[in-house]
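As a plain string of letters, each chain reads:
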Number of protein chains: 6
Amino acid sequence: MLNKNVLNFIGCDCGYDEANIVLFGAPFDSTASFRPGARFGSQAVRMESFGLETYSLYQDRDLSEVGVFDSGDLELPMGDTELSLDLIDKRCGQILKEGKRPFMIGGEHLVTLGSIRAVREKYSDLRIIHLDAHADLRNDYLGVRYSHACVMRRCWELLGDGHIFQFGIRSGERKEFEWIREGHVEIHPFCLDGIKEAVRRLSGYSIYLTLDLDILDPSVFPGTGTPEAGGTGFMELLEVLIEICKNSTIVACDVVELSPHYDASGISVAVAGKLIRELLIAM
Amino acid sequence: MLNKNVLNFIGCDCGYDEANIVLFGAPFDSTASFRPGARFGSQAVRMESFGLETYSLYQDRDLSEVGVFDSGDLELPMGDTELSLDLIDKRCGQILKEGKRPFMIGGEHLVTLGSIRAVREKYSDLRIIHLDAHADLRNDYLGVRYSHACVMRRCWELLGDGHIFQFGIRSGERKEFEWIREGHVEIHPFCLDGIKEAVRRLSGYSIYLTLDLDILDPSVFPGTGTPEAGGTGFMELLEVLIEICKNSTIVACDVVELSPHYDASGISVAVAGKLIRELLIAM
Amino acid sequence: MLNKNVLNFIGCDCGYDEANIVLFGAPFDSTASFRPGARFGSQAVRMESFGLETYSLYQDRDLSEVGVFDSGDLELPMGDTELSLDLIDKRCGQILKEGKRPFMIGGEHLVTLGSIRAVREKYSDLRIIHLDAHADLRNDYLGVRYSHACVMRRCWELLGDGHIFQFGIRSGERKEFEWIREGHVEIHPFCLDGIKEAVRRLSGYSIYLTLDLDILDPSVFPGTGTPEAGGTGFMELLEVLIEICKNSTIVACDVVELSPHYDASGISVAVAGKLIRELLIAM
Amino acid sequence: MLNKNVLNFIGCDCGYDEANIVLFGAPFDSTASFRPGARFGSQAVRMESFGLETYSLYQDRDLSEVGVFDSGDLELPMGDTELSLDLIDKRCGQILKEGKRPFMIGGEHLVTLGSIRAVREKYSDLRIIHLDAHADLRNDYLGVRYSHACVMRRCWELLGDGHIFQFGIRSGERKEFEWIREGHVEIHPFCLDGIKEAVRRLSGYSIYLTLDLDILDPSVFPGTGTPEAGGTGFMELLEVLIEICKNSTIVACDVVELSPHYDASGISVAVAGKLIRELLIAM
Amino acid sequence: MLNKNVLNFIGCDCGYDEANIVLFGAPFDSTASFRPGARFGSQAVRMESFGLETYSLYQDRDLSEVGVFDSGDLELPMGDTELSLDLIDKRCGQILKEGKRPFMIGGEHLVTLGSIRAVREKYSDLRIIHLDAHADLRNDYLGVRYSHACVMRRCWELLGDGHIFQFGIRSGERKEFEWIREGHVEIHPFCLDGIKEAVRRLSGYSIYLTLDLDILDPSVFPGTGTPEAGGTGFMELLEVLIEICKNSTIVACDVVELSPHYDASGISVAVAGKLIRELLIAM
Amino acid sequence: MLNKNVLNFIGCDCGYDEANIVLFGAPFDSTASFRPGARFGSQAVRMESFGLETYSLYQDRDLSEVGVFDSGDLELPMGDTELSLDLIDKRCGQILKEGKRPFMIGGEHLVTLGSIRAVREKYSDLRIIHLDAHADLRNDYLGVRYSHACVMRRCWELLGDGHIFQFGIRSGERKEFEWIREGHVEIHPFCLDGIKEAVRRLSGYSIYLTLDLDILDPSVFPGTGTPEAGGTGFMELLEVLIEICKNSTIVACDVVELSPHYDASGISVAVAGKLIRELLIAM
């Protein structure tokens, strides 16, 4: 008898019960203000993951040894932000309840809010490490409060001052940086400097890692909605990610803002896939 | 002294006061369920209109003689459908109040609802001629009622039975066609047959013409979110549009679902621009 | 508990036991002489099938009522033609043995040979209806006998004279047409004329339908390795396919030569998906 | 000993002395007013001609029997129109002097002027059959007299009234059509109707055939600088071209305005290549 | 009453009278010898500037505080180099006469010559800082003296020895470098080393800054006519540009050779837009 | 009399007899497991080489002084690996026999095996310097032993332990690295460190240099079948290549895995062309 066509991220083949980490996709991009298309990120990265190996020479470990279950994409209703966030919250909550760690692939950055809602229910000491080109701290964008450009502000409303640590930020409006200077979040602009020291300080806390891939320089990662020149290199980011995973307690994670149609060469999908493989192995 | 950079649709250079028709763009695509990008339609069609002439050999008339004012694009908040529809309603209402006819360029098809809200305020006898590949008559799409896939159903809720006349429809779910057979709207599936006769019957009524460009065959118009094979040809559509404009009272009009990024060759933008030129001249 | 990520062609969700038709992909293109990439056809058409509806307005029937099981893609070793053909033969044989009909999505046209090997084992009266722009009747191509350009010649070697009926052919080398004139196969060049009459004559025989999508005009279907101008239109082909399915006994079928990377607009994948839906419903 | 890398149009392999027809490319596009890129046309069409066969099923004749020599591309100085036209004139003159017929592949349409200068030196009874979407009859374009948009006006200055016969024209400014109505050239707008009758009337004259490929509908031929919707189909054009070649004395010919970068699918190059093959065989 | 559609570079919204800097586009590329398309640069960079913020975190200043007026694109006649240079010269002269600084966006590099003609009328002590991958110092290119490949040679003819300072140059023909070694211009090949020292030496002089964006590595900036591997990084260039602006008297400036069609991902336009924003703020 | 159209790599214009180095293309990619298209590499790099200069500022030498003959592409039968390797072996052998050095442009990496077979016939002390992202040391790939993924294993079977020196490797399956650790080949993973020292050790040996261009970071070189993030930069690679050529005896060389269709911007072809120019000059 033949089997149904299963499309998992490469090497994520273990059974649900044995899994430590559960992958899922959140294909939502309704609030993208500049260029949409992040909805295609999660399926593209699964599809193209077969250009990768399961083995990481960087960590000398194979993804098949990690125990990852890929539960596919949520079916999210474009144009209905609240309902979409709710579905993400529920999926995340279910995974956490069953003692596993959620690993969400976006979608636009707003999906992080759905996930954070579930994770902070379980982990009251939650801290967010936020890697991104953009501060995402507006109070609203053209009157819309639930927008990718406001997602960290909404997370801050849930967690309060001193719980969010931003790295790589190089773009935003003046008001966001004035608000930052009031002390609500900790920012390390332009690059990844200071991250090791921050990870040390955060030791003992439950960490949510949110990786907006546009932190990478557009030359490395052109396939994103709002490319912002002057970003980090691939190796620099990879080393920092392994470092974070090794030295802190990641309870949940997301990787967002891959918009594959904007990069016909496929290198952005390849970069995203490799980072996801390395994160899964390092976590 | 130099002037600001003005980007009008070619030949739409008359002053506001003298204008009969007012163009505006509605760059919204938050509810696109398959492939987004219709937000880029209105600016692209302006930009590329300079590959056209202002003169129509088909109608032996020049666009510069028509009196069209291009008021640019609305700034619509992605992710907030209600607010967006409201802004469209207001712009349309203002144009109508000043005795001019609105000509809206989408954006996704849901923008038509904003426009219809304003137009039926002024014209209580309004009838809609709807050219499209898709029926757009679902009650909801994944629970979302304000979706491009439901726009004609929402218009029907405003206008009631017998006010909507559909042509070219070749796709939908079974339930939509069962609902049609209950007699709520008049449908002419697959092609443009029957349109001349319908226009005759509608003589005397105020007509809103909504043209979803995906009625065209994808070979002619690949640059759209949901290409649906088996559509009409360009000349066939052009002749019908001129026919409609000549024999009925178009009080407002829209052209939607150009998604230019999906067609790097630019032929879809060229087709859309030429149809807009011909419509403006024929109206 | 969550499920694995299943990616079926839309509406092909029935269980294996209840299925009448079993879909599978044959992602092979090693012998493509001009432009490779047909290997990406089967996954692309599944992925993009979600831009379609399951309901056909043409046949007033829904794909979900048909009973189709999608068994995914074979893993075929690029560069090893014999091994690849063997794996196709085996998959096809298994489906036939279990009383179901195989529906293969290519891949390049050579994959048809693997399928024919299995089908003629079961059906000794097999006739092939071959829709294509190219005759594919060379004895060898640069010395290679197992090439897409020779596939119908290899099938002829299995079935003998008078078993292959070609339609739409508009390209080949002189020698192929001289060989045809010797009476080995029946050819209807350039278009689909004569197909109804041929179907009538073939009534009672077991039919294998092989559809090389490049029979379509390149304007309709640009996403193929060897586009050949002057082909059939979509509606013309669709009507003929429904006609064939209704009036003959299709025991197996394939749809080949979609090379999605050559058509960034996605209309080729949409065309292929719609034809597959209609074939599945009509069969 | 090995040979240099020769890149001819497929099947154009005969020696110079035996050749009846001499191909050459004129890769010039400096005056393109909308989208440049026609300079890449001639090399692209050679390169991709290997996706064609040398044999034509339409004419049951093989290109290798015709006697065509491909002399490659001229090296034309972008930005210097006069010098470029001069180089074309010289190449054309040389071919004519040696008793062969020139077949030029553009480049933008202005290159025709260079060729006409040489041809009318030899043939004082020259008539031009001009297939195009655009009239190209402006006196100047933004003050430039040597522009693709003025090429037929410049030819008219050389040949006088009644020597140019235009077909398929569907775009131009009002003034061009007013000028036409003064009787300078004969126009058959929109389509190819009337061409057989015109060919009959022109019997006995020396004919220059200039084929601007944008006469084709953009669905068939998207790869051109100024796509103009509503054009002819491929088969319709092919039949007319064979008809013209069979029933008149073509002394020289050009095929212009292929701009391959605008069509990543490659179907425009394939269309151009097939038309060139058929023309070479029919001439 | 509604307004005309204005398309300015983001944040360049001040009135003409209050403006310090006047932007204009010079969409000309007739002499491009390899790949044309720079004519599309200026409009593309305006259009996509809305993916940027007006605020610069690098300089902690907002573009809206600077006083920039965007006067749109010149209408330049393709194919007529002299007339085009003349129109640029006039626009530049007008801006200078009214006490403002011109900021030109190309177009190909030859447009710089038009601008230099106007600027040196006003500033007799003019020095040029030239950032580029190519020396652009040929005496002629295929016999054409007014070519992008000769633009710096033509500027040198106006200004004489010792007035041009080149950085980043990594390509040219042997003769150009022999000519440089005769002492006509100062060259700093391969990278930006030596620029701070040169800026110090040039203190007190009126500086024209011409930035050919192909100085950047093609990975950072693929959207250009003649990509030349081995270029500078974005941050390195950005820092140098801010340095130059702060420590010298820039009286006019241009940014050239963005050819957006060659980079479908849009990162080149984003890079160009960000550099223009930073230059406008730093000047 | 006119000449045939010759398309050489720029500056490779010397006669065969005077040539030191003979270029040829090996357009084969039948075993590509992920994304095919390397077959288009050699012609693309010739075509686009005209965007380069013949002069190298890095080495202050002109390609025209080197003595290179471009013998064009082999005609390789897709789908028949053995026959293809044989044709490469023969071409290479002929060049070597005539006292010249072969320089092969791929094609996929498997073509190296054909070349090595010929070269080790002449040079019994042959050592391979292998620059690549992938180890290519599998024993088989899905049962196929003659695959690009196995090419270095096949070479090792010919040469034995200690003859292959790998640099830049960052991807492979676990088993390949276990096999490496058994001492069969010398590996320097991730980057180019250690290469100078290795070159010193190899002084006196006959060296075959095989450069898989995917050693470069995908940002620099996106146009390849299996992009692998985290690679070397252009300048770093260029310096190492010049170093190798200057300090060792390269008896033959290849450059493989350019797949130009995956990079519409053309920067990958430009990078490949520049590296080939520099290698030809440095050898």
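Refer to the structure printed above.
In short, a report on the structure.

Each value, and the rule that gives it
- Residues numbered from 1 in each chain as written.
- Chains lettered and ligands numbered in written order.
- Predicted model: local features only at pLDDT ≥ 70, side-chain atom pairs only at ≥ 80, totals over all residues.
- Heavy atoms only, no water.
- Least-squares fit on C-alpha atoms with pLDDT ≥ 70 in both.
- Contact = heavy atoms within 4.5 Å.
- Helix = DSSP H or I, 4+ residues; strand = E, 2+ residues; numbered from the N terminus.
- Buried < 20%, exposed > 50% of the residue type's maximum accessible area, 1.4 Å probe, protein only.
- Lys, Arg positive; Asp, Glu negative; His and termini not counted.
- Salt bridge = Lys/Arg side-chain N within 4 Å of Asp/Glu carboxyl O.
- Polar contact = N/O pair within 3.5 Å; in protein donor to acceptor, adjacent residues only side chain to side chain.
- Buried area = accessible area lost by both parts, 1.4 Å probe.
- Phe/Tyr/Trp six-rings, centres within 6.5 Å; stacked < 30°, edge-to-face > 60°.
- Lys NZ or Arg CZ within 6 Å of the ring centre and 35° of its normal.
- Axes fitted to C-alpha atoms, helices over the stretch in contact; angles between N-to-C directions.
- Parallel < 35°, antiparallel > 145°, perpendicular 65-115°, else oblique.
- Left-handed = near helix turned anticlockwise from the far one by under 90°.
- Nonpolar A, V, L, I, M, F, W, Y, C, P; charged D, E, K, R; others polar.
- Pairing = 2+ DSSP bridges.

1. Focus on the relation of the copies chain C and chain A
Superposing the two chain copies requires a rotation about an axis and a translation along that axis.
Here comes step 1: Once chain C has been moved 0.0 Å along the axis and rotated by 180°, it coincides with chain A to within an RMSD of 0.0 Å. This pairing of chains is accounted for by a two-fold axis. Taking C-alpha positions as reference, the residue of chain C nearest the rotation axis is Val6(C), located at 2.2 Å.
Here comes step 2: The residues that chain C uses at the interface reappear at the interface of chain A in 100% of cases, marking a shared surface.

2. With respect to the environment of Val22(B)
Here comes step 1: Position of Val22(B) relative to the elements: it lies in strand β1 (residues 21-26).
Here comes step 2: Sequence-wise, Val22(B) and Met104(B) are 82 residues apart; in three dimensions their C-alpha atoms are separated by 8.3 Å.
Here comes step 3: Those residues in contact with Val22(B) that sit more than four places away from it in its chain are Tyr16(B), Phe69(B), Ser71(B), Ile95(B), Lys100(B), Arg101(B), Pro102(B), Phe103(B) and Leu2(E).

3. A few points about the side chain of Glu108(D)
Here comes step 1: Mapping Glu108(D) onto the fold places it in the loop between β5 (101-106) and α3 (111-122).
Here comes step 2: Although buried, Glu108(D) forms no salt bridge, and the nearest oppositely charged side chain, Arg39(E), lies 7.4 Å from it.
Here comes step 3: Within the structure, the side chain of Glu108(D) is placed 3.4 Å from the backbone nitrogen of Ser30(D), a separation counted as a polar contact.
Here comes step 4: Among all residues touching Glu108(D), those that are not within four sequence positions of it are Phe28(D), Asp29(D), Ser30(D), Thr31(D), Ala32(D), Ala38(D), His148(D), Val256(D) and Glu257(D).

4. Some points on the interface of chain C and chain A
Often, the extent of an interface is quoted as the loss of accessible area upon association of its parts.
Here comes step 1: Opposite the 27 residues of chain C that make contact, chain A presents 27 residues.
Here comes step 2: Around 2,100 Å² of area is buried between chain C and chain A when both sides are counted, 60% of it from carbon and sulfur atoms.
Here comes step 3: Here chain C is connected to chain A by zero salt bridges.
Here comes step 4: At the surface where chain C touches chain A, the tally comes to six residue pairs in polar contact (both at pLDDT 80 or more).

5. A closer look at the relation of the copies chain C and chain D
Here comes step 1: When chain C is fitted to chain D, the best match, at an RMSD of 0.0 Å, comes from turning it 120° and sliding it 0.0 Å along the axis. Accordingly, the operation relating the two chain copies is best matched by a three-fold axis. Among all residues of chain C, the one whose C-alpha sits closest to the rotation axis is Ser219(C), at a distance of 3.0 Å.
Here comes step 2: Interface residue correspondence from chain C to chain D reaches only 5%, placing this contact among heterologous pairings that use different surfaces.

6. Quick look at the pattern of salt bridges
Here comes step 1: One pass over the structure, following the stated rule, counts 108 salt bridges over all chains.
Here comes step 2: Between Asp86(A) and Lys90(A) there is a salt bridge, and its shortest N-O distance comes to 3.2 Å. With a gap of four residues between them, Asp86(A) and Lys90(A) both fall in helix α2 (residues 81-97), about one helical turn apart.
Here comes step 3: A relative accessible area of 56% means that Lys90(A) is categorised as exposed.
Here comes step 4: With a shortest N-O distance of 3.0 Å, Glu157(B) and Arg154(B) are connected by a salt bridge. Of this pair, Glu157(B) and Arg154(B) both sit in helix α4 (residues 151-159), separated by three residues, roughly a single helical turn.
Here comes step 5: Judged by relative accessible area, which is 38%, Glu157(B) ranks as partly exposed.
Here comes step 6: Because the salt bridges share partners, they merge into one network encompassing Glu53(A), Arg138(F), Glu173(F) and Glu176(F).

7. Some thoughts on the packing of aromatic side chains
Here comes step 1: Going through the model one piece at a time under the given rule, you end up with 24 aromatic pairs over all chains.
Here comes step 2: Taking 5.1 Å as the distance between ring centres and 75° as the angle between the ring planes, the aromatic pair formed by Tyr16(F) and Phe69(F) counts as edge-to-face. Linking Tyr16(F) in the segment before β1 (21-26) with Phe69(F) in strand β4 (residues 68-73), this pair joins segments that are 53 residues apart in sequence.
Here comes step 3: The exposure class assigned to Tyr16(F) is buried, which follows from its relative accessible area of 4%.
Here comes step 4: What makes Phe69(F) buried here is its relative accessible area of 3%.
Here comes step 5: A cation over a ring is seen here: Arg154(D) above Tyr146(D), with NZ or CZ 6.0 Å from the ring centre.
Here comes step 6: The positively charged end of Lys100(E) is found above the aromatic ring belonging to Tyr16(E), 5.1 Å away from the centroid.

8. Regarding the packing of helix α3 (residues 111-122) of chain B against α4(B)
All names here are of chain B.
Here comes step 1: Running from amino to carboxyl end, α3 crosses α4 at an angle of 15°, the nearest separation of the two axes being 10 Å. When the interaxial angle is binned, α3 and α4 end up roughly parallel. The chirality of how α3 crosses α4 is right-handed. Between α3 and α4, the contacting residues are Thr112, Leu113, Ile116, Arg117 and Arg120 on the first element and Val151, Met152, Arg154, Cys155, Leu158 and Leu159 on the second.
Here comes step 2: When grouped by side-chain class, the residues that make up the contact of α3 with α4 number seven nonpolar, one polar and three charged.

9. Looking at the sheet that holds strand β9 (residues 206-212) of chain A
All names here are of chain A.
Here comes step 1: Pairing within the open sheet is parallel, and its eight strands lie in the order β4-β1-β5-β10-β9-β6-β7-β8. One side of each edge strand has no neighbouring strand; the edge strands of this open sheet are β4 (68-73) and β8 (186-188). The mean angle between the axes of side-by-side strands here comes to 15°, regardless of whether they run parallel or antiparallel.
Here comes step 2: Pairing analysis gives six bridges linking strand β1 (residues 21-26) to strand β5 (residues 101-106), with the strands arranged parallel. Directly across from Gly25, in β5, lies its bridge partner Ile105.
Here comes step 3: This element, helix α4 (residues 151-159), spans β6 (127-131), β7 (164-167) and β9 of the sheet and lies at about 155° to β7.

10. Some remarks on the sheet that holds strand β5 (residues 101-106) of chain F
Residue and element names in this part refer to chain F.
Here comes step 1: Pairing in this open sheet of eight strands is parallel, and the strands run β4-β1-β5-β10-β9-β6-β7-β8 from one edge to the other. The open sheet is flanked by β4 and β8 (186-188), the only strands paired with a single partner. With strand direction ignored, the average angle separating the axes of adjacent strands in the sheet is 15°.
Here comes step 2: Across three bridges, β5 lies against strand β10 (residues 249-256) in parallel orientation.

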